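# Examination of the molecular architecture
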Amino acid sequence: MALDSVSTDNNSLQSICYRRGSLQLLDQRKLPLETIYLEIRDSADGWSAIREMVVRGAPAIAIAAALSLAVEVFNLNAFSGTAADAASFLGNKLEYLVSSRPTAVNLSDAAAKLKEIISKAAATASEANSVFQAYIEAAEIMLKDDVATNKAIGSYGASFLQNQLKNSKFSVLTHCNTGSLATAGYGTALGVIHALHSEGVLERAYCTETRPFNQGSRLTAFELVHDRIPATLIADSAAAALMKDGRVSAVIVGADRVAANGDTANKIGTYSLALCAKFHNILFYVAAPLTSIDLTLSSGQEIVIEERSAKELLYSRGGLGEQVAASGISVWNPAFDVTPANLITGIITEKGVVTKAGADDAFDIKDFIQKTA
């Protein structure tokens, strides 16, 4: 498949700009004040961009990693090895890229799928270039498929919420950033909000600051304003008061990894929102592609939680500004927390919504995936 370029909805923001042999990533650390795209020339650039939060959001991380390597191999001046050598080269590069953000299961899932394609190509190829070509095409298909997946999540989520709430109009709360900037386009949880707005049933979207890196105030607020969706920014600590006042009917968040039982790792602060929602009898949904589900993990206790730099708390602007905390203070800065499945109403995917069933009122995600395959 000769895919020279890939674009998403022209009206949406783009975190990933790709043409075969060229990749640019929107530097999300600069938003909302500056719009700067960084040239990504190889997997080393891709690794750094992911690690340093130039690009973030589990789906976008996976796509950016895959494409950074696609650009690298497309622009290789010479490769003297065999097809098997090319497969080994690509496999090692993918392992390296996975190490940039270990909590994001989409990244490891994408790497595993790409390795399978590489292995099959190497088994029949007579030269290294054929393996490289197969890899490039597979990475490009992942980019295209992500947009379609996100739009399906938005459609299923909007329809399901309307059926659950029965209100003519209602407001929702979201956390972190799960829109076009966190994916190849459209978004997951924010994609549901987009769909609700398009269907005329969204009263207002509330977004949290999402400290300490401020993905909510810098990115989600930026997207909501850009897309002219009625929206209000709140402090993370104001969420409980918002719910108590009856201003929101549902909470919708994304996910970096979902265990087989439905326990969900997402941006730090998600667990707090789920507890507040439970107390106030508010629906709490996770919106994520099936690639975010890790059936090899029985529960959230097995999810590895990444810890970020102390600078993000000690300095303003998520570590990029002036010092705001006392010198010498210790810092604990986990990037994610795990929300137990018993606090989650449902999991919105591109195949439909996973709901609880049975006497134990639990998710059977494995059964859902098998039935919708």
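Attention in this report is confined to the structure presented alongside it.

Definitions and limits used
Residues numbered from 1 in each chain as written. Predicted model: local features only at pLDDT ≥ 70, side-chain atom pairs only at ≥ 80, totals over all residues. Heavy atoms only, no water. Pairing = 2+ DSSP bridges. Helix = DSSP H or I, 4+ residues; strand = E, 2+ residues; numbered from the N terminus. Contact = heavy atoms within 4.5 Å. Axes fitted to C-alpha atoms, helices over the stretch in contact; angles between N-to-C directions. Core = buried A, V, L, I, M, F, W, Y, C linked by side-chain atoms within 4.5 Å. Buried < 20%, exposed > 50% of the residue type's maximum accessible area, 1.4 Å probe, protein only.

### Side note on the pairing of strand E3 (residues 22-26)
Strand direction decides the pairing type here: strand E2 (residues 16-19) and E3, joined by four bridges, are antiparallel. Looking at the pairing, Ile-16 lines up with Leu-25 of E3. Adjacent in sequence and paired antiparallel, E2 and E3 are bridged by two residues, among which Gly-21 carries a positive phi angle near 90°. Across four bridges, the pairing between E3 and strand E4 (residues 37-40) is antiparallel. Considered in E4, the bridge of Leu-26 is made with Tyr-37.

### Considerations on the sheet that holds strand E12 (residues 293-294)
Pairing is mixed across the open sheet formed by four strands, whose spatial order is E12-E9-E10-E13. Edge positions in the sheet fall to E12 and strand E13 (336-339), since each has one partner strand and no second. With two bridges joining them, strand E9 (residues 257-259) and E12 adopt parallel strand pairing. When the bridges of E12 are listed, Val-258 appears paired with Ile-293. Running at roughly 30° to E13, helix H9 (residues 270-279) makes contact with strand E10 (264-267) and E13 of the sheet.

### Digging into the nonpolar core
Ranked by internal contacts, the top residues of the largest apolar core, which has 45 residues, are Ile-16, Tyr-18, Leu-23, Leu-25, Leu-67, Leu-90 and Tyr-135. Listed by contribution, the elements that provide at least two residues to this core are E2, E3, helix H1 (43-51), helix H2 (58-74), helix H3 (83-98), helix H4 (105-124) and helix H5 (128-165). Broken down by element, the residue count for this core peaks at twelve residues, all from H2. Residues within four places of Leu-25 in sequence aside, it is in contact with Ser-15, Ile-16, Ile-36, Tyr-37, Leu-38, Ile-40, Ala-49, Val-54, Val-55 and Ala-64. Val-251, Leu-273, Leu-343 and Phe-368 belong to the second largest nonpolar core, which has 28 residues in total.

That's the geometry; what it means functionally is another story.
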